[in-house]
Amino acid sequence: MKRRSYPVTNIGSVSLLMIFIILCLVAFSALSLSGAVSDRQYSQKIARHNTEYYEASAQATGILKEVDQILHDTYSQNPQNYYTALETELASMEILTADLSLESPSISYEVSISDTQALKVVLALNEPGQMQEGYYRITSWQEIPSTAWEGEDTLNLMTF
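A short tour of the structure in this document, coming up.

About the cut-offs
- Residues numbered from 1 in each chain as written.
- Predicted model: local features only at pLDDT ≥ 70, side-chain atom pairs only at ≥ 80, totals over all residues.
- Heavy atoms only, no water.
- Helix = DSSP H or I, 4+ residues; strand = E, 2+ residues; numbered from the N terminus.
- Buried < 20%, exposed > 50% of the residue type's maximum accessible area, 1.4 Å probe, protein only.
- Contact = heavy atoms within 4.5 Å.
- Areas by Shrake-Rupley, 256 points an atom, 1.4 Å probe, with all protein chains shown as cover.
- Lys, Arg positive; Asp, Glu negative; His and termini not counted.
- Charge placed at Lys NZ, Arg CZ, Asp CG, Glu CD.
- Core = buried A, V, L, I, M, F, W, Y, C linked by side-chain atoms within 4.5 Å.
- Pairing = 2+ DSSP bridges.
- Arc of directions from axis to C-beta.
- Phe/Tyr/Trp six-rings, centres within 6.5 Å; stacked < 30°, edge-to-face > 60°.

**Remarks on the overall build of the protein chain**
Move 1: When helices and strands are tallied, the protein chain shows 2 helices and 4 strands.
Move 2: Counted from the first residue to the last, the protein chain has its helices and strands arranged as α-α-β-β-β-β.
Move 3: Dimensions of the protein chain along its principal axes, counting C-alpha atoms only, are 125 × 50 × 25 Å.
Move 4: By residue count, 22% of the 160 residues in the protein chain fall in the buried class.
Move 5: Sequence separation of 24 or more characterises 48% of the internal contacts of the protein chain that already satisfy a separation of 6 or more.
Move 6: On the protein chain, roughly 12600 Å² of surface is accessible, and the fraction owed to carbon and sulfur atoms is 56%.
Move 7: Counting 9 positive and 19 negative side-chain charges, the protein chain places the centres of these two groups 38 Å from one another.

Encoded structure:
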């Protein structure tokens with residue numbers, strides 16, 4: 001009687017296929033884990049930035065409230081010499097930069113967001129005859145860099 005012999009390659013090919021599938025699953029799980037970790041770090045960075053921005057925005061709004069009160073008090077007390085009286089009143093607030101000598105007078109200030117960014121607010125003052133629209137218009141409320149960029153980072157790509 002003849003014995004049947006089974007080919008060995010069939011048993012090995014199934015094992016190789018299983019090993020390949022397991023390696024693919026391990027590689028894909030490692031890639032998805034690294035992607036999830038980087039997404040988490042990025043979302044924490046964005047959340048920290050948003051928190052810092054809204055804290056600075058709240059401070060800027062508080063300063064704006066003080067400026068609005070100063071503008072109201074100064075205009076109600078002395079509408080004829082509004083800009084000269086306003087200049088002396090605003091001198092008490094060191095954070096403000098007032099330029100009242102221009103054709104369009106403005107007040108600006110900055111609030112620090114982080115070590116590298118600040119929130120800059122620029123107010124354009126309305127003329128004394130146009131106070132029914134308010135004392136000012138906000139012309140700028142934006143993030144600006146608080147440090148100057150220095151492009152001294154060089155890479156030696158080609159060395160001879």
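Once you've had a look at it, read on.
**Regarding the nonpolar core**
Move 1: Grouped together as the largest cluster of nonpolar side chains are 25 residues, with contacts concentrated most on Leu71, Leu86, Leu96, Ile107 and Tyr109.
Move 2: When contributions to this core are tallied by element, the ones reaching two or more residues are helix H1 (8–77), helix H2 (82–90), strand E2 (106–112) and strand E3 (117–125).
Move 3: Per-element accounting of this core gives the leading share, 8 residues, to H1.
Move 4: If we skip the residues at most four places from it in the chain, Leu86 touches Ile70, Leu71, Thr74, Leu100 and Leu125.

**Section: the pairing of E3**
Move 1: Pairing between E2 and E3: 7 bridges, direction antiparallel. Residue pairing across strands places Ser108 opposite Val122, the latter belonging to E3.
Move 2: Once E2 ends, the chain turns through 4 residues before running back antiparallel as E3.

**Observations regarding the pairing of E2**
Move 1: The buried fraction of E2 is high, at 5 of 7 residues.
Move 2: Strand direction decides the pairing type here: strand E1 (residues 97–99) and E2, joined by 3 bridges, are antiparallel. Opposite Thr97, over in E2, you have Ser108 as the bridge partner.
Move 3: Here E1 folds back onto E2, and the loop between the two strands holds 6 residues.

**Points about H2**
Move 1: Every buried residue belonging to H2 is among Tyr82, Ala85, Leu86 and Leu90, and all of these are buried. Buried residues of H2 fall within an arc of 130° about the axis and therefore sit on the same side. The outward face of H2, more than 90 degrees from its buried face, is lined by the exposed residues Thr84 and Thr88.

**Digging into the packing of aromatic side chains**
Move 1: Under the counting rule described, the total for this entry stands at 4 aromatic pairs.
Move 2: Taking 5.3 Å as the distance between ring centres and 75° as the angle between the ring planes, the aromatic pair formed by Tyr53 and Tyr54 counts as edge-to-face.
Move 3: With relative accessibility at 18%, the residue Tyr53 sits in the buried group.
Move 4: In this structure an aromatic cluster arises from ring pairing among Tyr75, Tyr82, Tyr83 and Tyr135.

**Description of the environment of Glu127**
Move 1: Residue position: Glu127 is located in the loop between E3 and strand E4 (136–145).
Move 2: For Glu127, a relative accessible area of 46% puts it in the partly exposed group.
Move 3: On a C-alpha basis, the gap between Glu127 and Tyr82 in space is 9.3 Å, while along the polypeptide they are 45 residues apart.

**A closer look at the side chain of Ser140**
Move 1: If you trace the backbone, Ser140 turns up in strand E4.
Move 2: Apart from the residues within four sequence positions on either side, Ser140 is in contact with Lys120, Val121 and Val122.

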